[in-house]
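Chain residues, written in single-letter form:
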Amino acid sequence: MLKWRIRGPTVRRAVVIGVTVVAALILFPYLVAPFYRFVDPVSMPMLWRWVTGRRVERTFVPINRIAPALPLAVIVAEDGSFCRNRGIDLGAMREALAKASDDPADARGASTLTQQTVKNLFFWQGRSFVRKALEIPLALWLNLVLPKKRVLEIYLNIAQWGPNGEFGAEAGSRYAF
């Protein structure tokens, strides 16, 4: 009986610590996102490359110094409803789910630019229902706390534009041209 009393609080303490850590990890992006109005963020793929000692090249460029054709081309190619959606596009998600249920091998993404920005800023790459479930409310939050122009500016500066660690439009254009 004495062992149980000793182990009980220890197990309970471990569970409380575990739940606290998980809650902090989930809440961290919500607390940090409003600061991205003023701070130029670093993406998870960039951080992962730095941690693993791989090359990262990026120069943050304000959107008014980026050729006007690039943001328009990205909106047309990636998210035609960017200017009118609220961070997520439920119609595109329903359509993608319907097509995926017909033929899972033919599944395509339905992420908006805001969702892609959230994924790059806070989450891992690859497809995952867990990541998507965490991404959707955070995309709604990012859309609420940041202007569309800033979301687009961040996306253009954190997206990977080259195969060797080129992040952002500036590094991508230097790589390509």
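Calculation criteria
- In this numbering scheme, every chain counts its residues from 1 along its sequence in written order.
- With the structure being a predicted model, the display of local features is reserved for residues of pLDDT at least 70 and the display and counting of side-chain atom pairs for 80 or more, all residues being used for whole-chain, interface and lining totals.
- Calculation of side-chain values draws on the structure's entire complement of heavy atoms; hydrogens and water are dropped beforehand.
- Buried Ala, Val, Leu, Ile, Met, Phe, Trp, Tyr and Cys residues form a nonpolar core when they are joined through side-chain atoms within 4.5 Å.
- The classification of residues rests on relative accessible area computed with a 1.4 Å probe and restricted to protein chains. Under 20% of the type maximum is buried, over 50% is exposed, and intermediate values are partly exposed.
- Every helix listed is a DSSP run of H or I at least four residues long, and every strand listed is a run of E at least two residues long, numbered separately from the N terminus.
- Contacts between residues were defined by any pair of non-hydrogen atoms, one from each residue, lying within 4.5 Å.
- A pair of Phe, Tyr and Trp rings is counted when the ring centres sit within 6.5 Å of each other, with Trp represented by its six-membered ring. The angle between the planes then sorts it: under 30 degrees is stacked, over 60 is edge-to-face, the rest tilted.
- Any Lys NZ or Arg CZ found within 6 Å of a ring centre and within 35 degrees of that ring's normal is scored as a charge over the ring.
- The term salt bridge refers to a side-chain nitrogen of Lys or Arg lying within 4 Å of a carboxyl oxygen of Asp or Glu.

The biggest cluster of nonpolar side chains holds 33 residues, and the ones touching the most others in it are Tyr36, Leu113, Val118, Phe122, Leu146, Leu152 and Leu156. Elements that contribute at least two residues to this core include exactly helix 3 (69-78), helix 4 (90-102), helix 5 (113-122), helix 6 (129-145) and helix 7 (148-158). It is helix 7 that provides the largest number of residues to this core, a total of 6 residues. Among residues more than four places away in sequence, those in contact with Leu152 are Ile63, Pro71, Ile75, Phe82 and Leu113.

Under the criterion given, the structure shown has 3 aromatic pairs. Ring geometry for Tyr36 versus Phe122: centroids 6.1 Å apart, planes at 25°, classification stacked. Here the residue Tyr36 occupies a position in the loop between helix 1 (2-32) and helix 2 (44-51), and Phe122 occupies one in helix 5, the gap between them amounting to 86 residues. Judged by relative accessible area, which is 11%, Phe122 ranks as buried. The residue whose ring lies beneath Lys148 is Phe82, and the NZ or CZ to ring-centre distance is 4.6 Å.

Take the pattern of salt bridges next. Opposite charge on two side chains permits pairing when their charged atoms draw close. Applying the stated criterion to the full structure yields 7 salt bridges. Across the pair Glu166 and Arg55 runs a salt bridge, and its minimum N-O distance is 3.0 Å. Here the residue Glu166 occupies a position in the loop between helix 7 and helix 8 (168-176), and Arg55 occupies one in the loop between helix 2 and helix 3, the gap between them amounting to 111 residues. Here Glu153 and Arg150 are joined by a salt bridge, their closest N and O atoms 2.5 Å apart. With Glu153 and Arg150 both in helix 7 and 3 residues apart, the pair spans about one turn of that helix. A relative accessible area of 10% means that Glu153 is categorised as buried. The structure contains a network of salt bridges with shared partners spanning Asp40, Arg150 and Glu153.

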